[in-house]
Amino acid sequence: KSHKELLTPSTPCHAKTNVMFLKTHKTASSTVLNIMFRFAERYNLTVALPAGQLVHLGYPETFLAHFVEEFEAIGQNYNIMCNHLRFNPSEVQKVMASNTFYFSILRNPIFLLESSYVYYKNNAPAFRISKDVNQYLASPTKYYRPADYKENIYARNIMWFDFGYNNNAEDNKKYVHTVLKDIEQNFHLILIADYFDESMILLKHTLCWDLDDVIYFKLNSRSRDTVQTLTPESKEQIKVWCSLDWKLYLHFNQSFWRRIEETIGLEELEKEVNHLRTRQKELMETCLLDQKAVGKEHIKNKAFLPFQSGATNILGYNLKGDLDSRTLRTCQKMVMPELQYMSYLYAVQHPHKKRKPLGLPLLQTSFQEK
C-alpha cells in the first residue's frame, strides 16, 4: 500500500468483477441471474454463456468447460458465470479465474418442492403421474421410480443435485458432513431465498457493489392461484423425503445469519433493506405500467413474455410507454426474462455466431444419452 492510502480511514473497497453464481432451481435464482447480467453490462464484463444452441450450461449433465461458448479461445478470461449448470468445481475452474468469488442460493425445501411440483409437473414422471403435491408426498415412492432418476431430479433433493451430488444418496451423518464441508470450501457465500432482500444486502457488502447493482424486480414468479396448499403432513414428509436438501438448508441458513451478524449487524441490515425496498418502489413507479407483475395473458409486448412451464402462469411486466431512451433501456433490462437476456448477451458477445433459437427453449429435460 502507498503511504497515502494508509492515512485514509476505511479505504473504499473495489467491486469484485470475477463472480460465479451457481444458479439453483426454483430459488429466486432467475432474479439473481438478471442482477448478474446487468452488472456484467455495467462493467462491460465477459459472461460464460451456453455454447451453440444450448440454453443452459449443459444442465442437467455435470458441467464441462466446453459447454461454454468459445471456451477454447477465451480460456480463463471470463468474468461472470451464472447460467444453470450442475456444479463441477474442477471444470468450472478451467473457465473462471483463480480469484473468482463463488456464491449460490438455497430455499426452504418445503416451499421449494411445492414450487417444483407445479413448474415441472409435465417434466418429472413422479409429478406427472400423481394428482397433486399432497398425493405425491403422501407416498412418494409410489410415484418416484428409481429407474426414472434422470427425469426425476426435480422430485427429490434438487439442490443437492445442482451442487453436483447424488440426490438419491443415502442420508448418513458422515456423508452429509463431508458434503457440507465440501460446499463451504467451494463457495464463499450461500444466500437464502426466503430472505431475499437481506441476501441482496449481504451480497452487496461482500462483493462491494452499489445498491443499484442489487436492485431488482422479482422475475419468473407465478400467479398465486397456481400455488398448491401443502398439508401439515406433507410439510413434515418433505423434511424426510428431501432430507439431504433439508440438512443443506438448515446448515446454510444458520451460517447466513451468523455472517450477517458478523459483517453488517441486524440494525444496519434493517436500514439497508428498507433503503433497497424504497429504491425498488421508485423504480417500479418509473418503469412499470401496472406497478406490479401481471399474468402471461396481460403482457402486451411478447418479447418480454417469460417462458411458461407446467401448470404455472409465470408473471411478467408491462413498461410505461413514454420513457426516455436511457430510462427505457434500464427498465427493459430489469424486466427481461432470463432466456431473452441470455440470447441478447450472446448476440452481443458472439456477433458472428448463429443466434439462439428464440422459439425457446429447446430444453433438454432428460440427460442426452451420449
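Residues numbered from 1 in each chain as written. Predicted model: local features only at pLDDT ≥ 70, side-chain atom pairs only at ≥ 80, totals over all residues. Heavy atoms only, no water.

Going by the annotation in an unreviewed UniProt entry, the name recorded for the protein chain is G3ST2 sulfotransferase, with Calonectris borealis given as the source organism. The Subcellular location (unreviewed entry) comment attached to the protein chain in UniProt states, word for word, "Golgi apparatus membrane". Taken directly from UniProt, the Sequence similarities (unreviewed entry) text for the protein chain runs: "Belongs to the galactose-3-O-sulfotransferase family." (UniProt positions renumbered as here; feature names shortened; annotations may be inferred.)

In this section: the overall build of the protein chain. The helix and strand inventory of the protein chain stands at 16 helices and four strands. Against the globule reference of 21 Å for 370 residues, the protein chain gives a C-alpha radius of gyration of 21 Å, in line with a compact fold. Principal-axis analysis of the C-alpha atoms gives the protein chain an extent of 65 × 50 × 45 Å. For the protein chain, long-range pairs separated by at least 24 residues make up 72% of all intrachain contacts whose partners lie at least 6 apart in sequence. Within the structure as shown, the protein chain displays about 17500 Å² of accessible surface, and the carbon and sulfur contribution to it stands at 51%. Considering the protein chain, the positive charge centre built from 46 side chains and the negative charge centre built from 40 side chains are found 3 Å apart. (Helix = DSSP H or I, 4+ residues; strand = E, 2+ residues; numbered from the N terminus. Rg over C-alpha atoms; globule rule 2.2 N^0.38 Å. Contact = heavy atoms within 4.5 Å. Areas by Shrake-Rupley, 256 points an atom, 1.4 Å probe, with all protein chains shown as cover. Lys, Arg positive; Asp, Glu negative; His and termini not counted. Charge placed at Lys NZ, Arg CZ, Asp CG, Glu CD.)

Moving on: the confidence of the model for the protein chain. Taken residue by residue, the protein chain gives an average pLDDT of 92. The fraction at 70 or more is 94%. Low confidence marks residues 1-8, where pLDDT is under 50. Its contacts with residues over four positions away, or in another chain, come to two contacts. Taken together, the stretch residues 360-370 has pLDDT below 50 and engages in 24 contacts with residues farther than four places along the chain or on a different chain. (pLDDT = per-residue confidence, 0-100.)

This part covers empty space enclosed by the protein. Leftover empty space is mapped by rolling, across the atoms, a probe with the size of a water molecule. By the definition in use, this model includes two cavities of 30 Å³ or more. Together, Pro-109, Leu-112, Leu-113, Ser-116, Tyr-154, Arg-156, Asn-157, Ile-158, Cys-242 and Asp-245 line the largest cavity. In terms of residues, the lining of the largest cavity owes the most to one element, helix α5 (residues 109-119), which gives four residues. Of the residues belonging to the lining of the largest cavity, the class tally is six nonpolar, two polar and two charged. The space that makes up the second largest cavity amounts to roughly 30 Å³. For the second largest cavity, the full set of lining residues is Ser-30, Leu-33, Asn-34, Phe-37, Leu-219, Met-336, Pro-337, Glu-338 and Tyr-341. Sorting the residues of the lining of the second largest cavity by element identifies α2 (29-42) and α16 (338-349) as the ones contributing at least two each. Top element by residues in the lining of the second largest cavity is α2. It accounts for four residues. (1 Å grid on protein atoms, 1.4 Å probe; cavity = no way out; pocket = protein on both sides within 12 Å on 5 of 7 lines; lining within 4 Å. Points joined across faces, edges and corners; volume = space filled by probe spheres on them. Nonpolar A, V, L, I, M, F, W, Y, C, P; charged D, E, K, R; others polar.)

Right, let's get into the packing of aromatic side chains. Evaluated as defined, the whole model comprises 27 aromatic pairs. Plain terms: the ring middles of Tyr-120 and Tyr-154 are 3.6 Å apart, the flat faces sit at 5 degrees to each other, and that makes the pair stacked. In this pair, Tyr-120 sits in the loop between α5 and α6 (125-128) while Tyr-154 sits in the loop between α8 (140-143) and α9 (158-162), placing the two residues 34 residues apart along the sequence. We classify Tyr-154 as buried; its relative accessible area is 9%. (Phe/Tyr/Trp six-rings, centres within 6.5 Å; stacked < 30°, edge-to-face > 60°. Buried < 20%, exposed > 50% of the residue type's maximum accessible area, 1.4 Å probe, protein only.)

With that settled, the discussion passes to the sheet that holds strand β2 (residues 80-81). Pairing is parallel across the open sheet formed by four strands, whose spatial order is β2-β1-β3-β4. A single partner strand is all that each edge strand has here, and the edge strands are β2 and β4 (189-192). Both strand β3 (residues 101-106) and β4 contribute to a ladder of four bridges, which runs parallel. Note that in β4 the partner of Ser-104 across the bridge is Ile-190. Running at roughly 100 degrees to β4, helix α13 (residues 243-263) makes contact with β3 and β4 of the sheet. (Pairing = 2+ DSSP bridges. Axes fitted to C-alpha atoms, helices over the stretch in contact; angles between N-to-C directions.)

This next bit is on the side chain of Arg-38. Relative to the helices and strands, Arg-38 is located in helix α2. Among buried Asp, Glu, Lys and Arg side chains, Arg-38 stands out as unpaired, with Asp-213 the closest opposite charge at 7.0 Å. A polar atom in the side chain of Arg-38 sits 2.6 Å from the backbone oxygen of Ile-215. Sequence-distant contacts of Arg-38, that is, excluding residues within four places in its chain, are made with Asp-212, Ile-215, Tyr-216, Lys-333, Met-334 and Tyr-341. (Salt bridge = Lys/Arg side-chain N within 4 Å of Asp/Glu carboxyl O. Polar contact = N/O pair within 3.5 Å; in protein donor to acceptor, adjacent residues only side chain to side chain.)

Take the pattern of salt bridges next. In total, this model carries 18 salt bridges according to the counting rule given. Salt-bridge contacts for Glu-41 lead to Lys-333; the nearest nitrogen and oxygen are separated by 3.1 Å. On the criterion of sequence distance, the pair formed by Glu-41 in helix α2 and Lys-333 in helix α15 (residues 325-335) is long-range, its members being 292 residues apart. In the salt-bridge network here, residues are joined through shared partners; they are Arg-42, Asp-210 and Asp-213.

What follows concerns unusual backbone geometry. Cis rather than trans, the peptide bond between Tyr-59 and Pro-60 has omega equal to 5 degrees. Along the chain, Pro-60 turns up in the loop between α2 and α3 (71-74). Of note, Asn-44 is a non-glycine position whose phi angle comes to about 55 degrees, a positive value. By relative accessible area, which is 70% here, Asn-44 ends up exposed. A positive phi angle is found at Glu-70, which is not glycine, with a value near 60 degrees. Tracing the sequence through the fold places Glu-70 in the loop between α2 and α3.

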